[in-house]
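# Structural overview
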Amino acid sequence: MDQFSSTATILPEAFQGAKDDITMQFSLIWSQIKAPLIVPLLRISVVLCLCMSVMMLIERVYMGIVISLVKLFGRKPEKRYKWEPMKDDVELGNSSYPMVLVQVPMYNEREVYQLSIGAACGLSWPSDRIIIQILDDSTDPTIKELVQLECQRWGSKGVNIKYEVRDNRNGYKAGALKEGMKRSYVKQCDYVAIFDADFQPEPDYLWRTIPFLVHNHELALIQARWKFVNSDECLMTRMQEMSLDYHFTVEQEVGSSTYAFFGFNGTAGVWRIAALNEAGGWKDRTTVEDMDLAVRASLKGWKFLYLSDLKVKNELPSTFKAYRYQQHRWSCGPANLFRKMVMEIIRNKKVTLWKKIYVIYSFFFVRKVVAHITTFVFYCIILPATVVVPEVVVPKWGAVYIPSIITLLNAVGTPRSLHLLVFWILFENVMSLHRTKATIIGLLEASRVNEWIVTEKLGDALKGKAGVKAPKKPRFRIGDRIHLLELGVGFYLFFIGVYDVMFGKNHFFIYLFIQSCAFFIMAFGYVGTFVPSS
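To start, this report covers the structure provided alongside it. Because the structure is predicted, anything quoted here is derived from the model rather than measured.

## What about the environment of Asn160?
Summarising the element assignment, Asn160 is placed in the loop between helix H4 (141-155) and strand E3 (161-164). Linking Asn160 and Asp128, residues 32 residues apart in sequence, is a C-alpha distance of 7.5 Å.

## Here's the deal with the pattern of salt bridges
Within the structure shown, the criterion is met by 18 salt bridges. Between Asp196 and Lys173 there is a salt bridge, with the nearest N and O atoms lying 2.8 Å from each other. Of the two residues, Asp196 sits in the loop between strand E4 (191-194) and helix H6 (205-215) while Lys173 sits in helix H5 (residues 172-181), which places them 23 residues apart along the sequence. Across the pair Arg238 and Asp232 runs a salt bridge whose closest N-O atoms are separated by 3.6 Å. By relative accessible area, Arg238 is classed as buried at 2%. Take Asp232: its relative accessible area is 44%, and that puts it in the partly exposed class. Via salt bridges that share partners, Glu164, Glu179, Lys182 and Arg183 belong to a single interconnected network.

## Describing the pairing of E4
Here E4 shows no split at all, with Tyr191 and Ala193 on one side and Val192 and Ile194 on the other all buried. Relative to E4, strand E1 (residues 100-106) is paired through four bridges, and the arrangement is parallel. By the bridge assignment, Gln103 is partnered in E4 with Ile194. Where E4 and strand E6 (residues 269-272) come together, four bridges link them in antiparallel fashion. Within the sheet, the bridge partner assigned to Ile194 lies in E6 and is Gly269.

## Quick look at helix H10 (residues 320-347)
In this model, H10 (28 residues) spans 41 Å end to end at C-alpha, consistent with the 40 Å of a helix rising 1.5 Å per residue. Most pronounced at Met341, the bend in H10 amounts to some 50°.

## Observations concerning the nonpolar core
Core analysis: the largest hydrophobic core is formed by 124 residues, its most contacted members being Val102, Ile117, Trp271 and Phe304. Tallying contributions element by element places helix H11 (residues 353-388) first for this core, with 16 residues. Aside from chain neighbours lying at most four places away, what touches Trp271 is Asp190, Tyr191, Val192, Ile194, Ala220, Leu221, Phe264, Leu276, Leu293, Ala294, Ala297 and Phe304.

Rules of the game
Residues numbered from 1 in each chain as written. Predicted model: local features only at pLDDT ≥ 70, side-chain atom pairs only at ≥ 80, totals over all residues. Heavy atoms only, no water. Helix = DSSP H or I, 4+ residues; strand = E, 2+ residues; numbered from the N terminus. Salt bridge = Lys/Arg side-chain N within 4 Å of Asp/Glu carboxyl O. Buried < 20%, exposed > 50% of the residue type's maximum accessible area, 1.4 Å probe, protein only. Pairing = 2+ DSSP bridges. Expected span 1.5 Å × (residues − 1). Bend = angle between axes of the 7 residues up to and from the residue. Core = buried A, V, L, I, M, F, W, Y, C linked by side-chain atoms within 4.5 Å. Contact = heavy atoms within 4.5 Å.

This is the structure we're talking about:
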């Protein structure tokens, strides 16, 4: 018995001794590499991140000044461009109206196909001067049959609707739009309006857009604003609304008002077919075929107009998984397009030097590359790392003032959600992980560069219809929610936070603890699935 007791006493002591040895070894290794390697690398990283933060600040301040001047003194689009309502001609009749093609690309859109087709067929325009083209790439035979029957139903009401399918999905959306433009009846059309499957334009959409194209021959594109029908569904959709409202309220408006450049959003826009063809038509070389077309058309000298007062209803992704796939495409595509077109933009002789600088530096480099990388690397890696490396000091203006100003300037687009600003910061920092990864994939043209996963739509717009139930969301599955990289960063930030609390180095523990909580929340999908909006 005594022998057993002595053995039981020796084992913990041996274990503690081994643990102390490992701790000492790690401490020794850390002390040896810290001064010659870690500190210099971290200081260089801090300088680079501060430079990128200043670039982002200048960009935000510039756009803030311009949008303020536009709101105070800017002229409405009807004053900047010639606009007259379309009128009947007694002699010519309906032939005085231009022929308009309306394209609705879709892929297995069981929840929203009726809404999108109904909205397109409900557009007000002379019936013999409009063609509704449904481009169905569905792979589900049942859904294809339902879409075809819906087209036949509208056709029986006298609507000129065409149901088009193809035997492959080459090029995804760009391939479908390109194939649709090859139809013989498209040759008689002057303009093409494009609406994704979850978009529902108001009946007067064409009456408010087409006159700009008819009376201003230098205009190639009229872009409308998006209006989100499910922004109040959960906290995640509120966060998306804040990010997208800044894009539409500030970025698109500034590009349009200064005659510089803004990207086509891929939907809720009307193109002059002559401009589309001159730019080379649709190309599927990236996952942002809309931005690709807009850049090429701009390099040909065409101008674009953004109408902030014209809003088209659509649906936001309401699950984290769907949003993550969407953000991968929206982050990877622009970076890859930047790689492919930067030299073409530099060599172009049709546009001014100002427009080249704006497109390369402001539109692509700062917004599509620097913004994603800085948000993740600086705020989620470099800044927390300085806690365990007190030799590296981040100036207060770089760690506090610049991020605060940028955040406030971004939040002005959605005043109703200012009380959610802290949650938005956490949400954007977490998503910066995915966006940074996608941006690097796009710049390097890595394996997932052309990955295209159609954003899942749940038919949330149906909630607005009386007596119609919205489809149920998929049941929660742990496997769909846990993302190891997020958990790893979460553990890292949590460790740094605990270390800071214990040893009191730079007193960032509150920031770090909140960051780690945000990563855990997003990793398990609670923000997108369980947290209701306030």
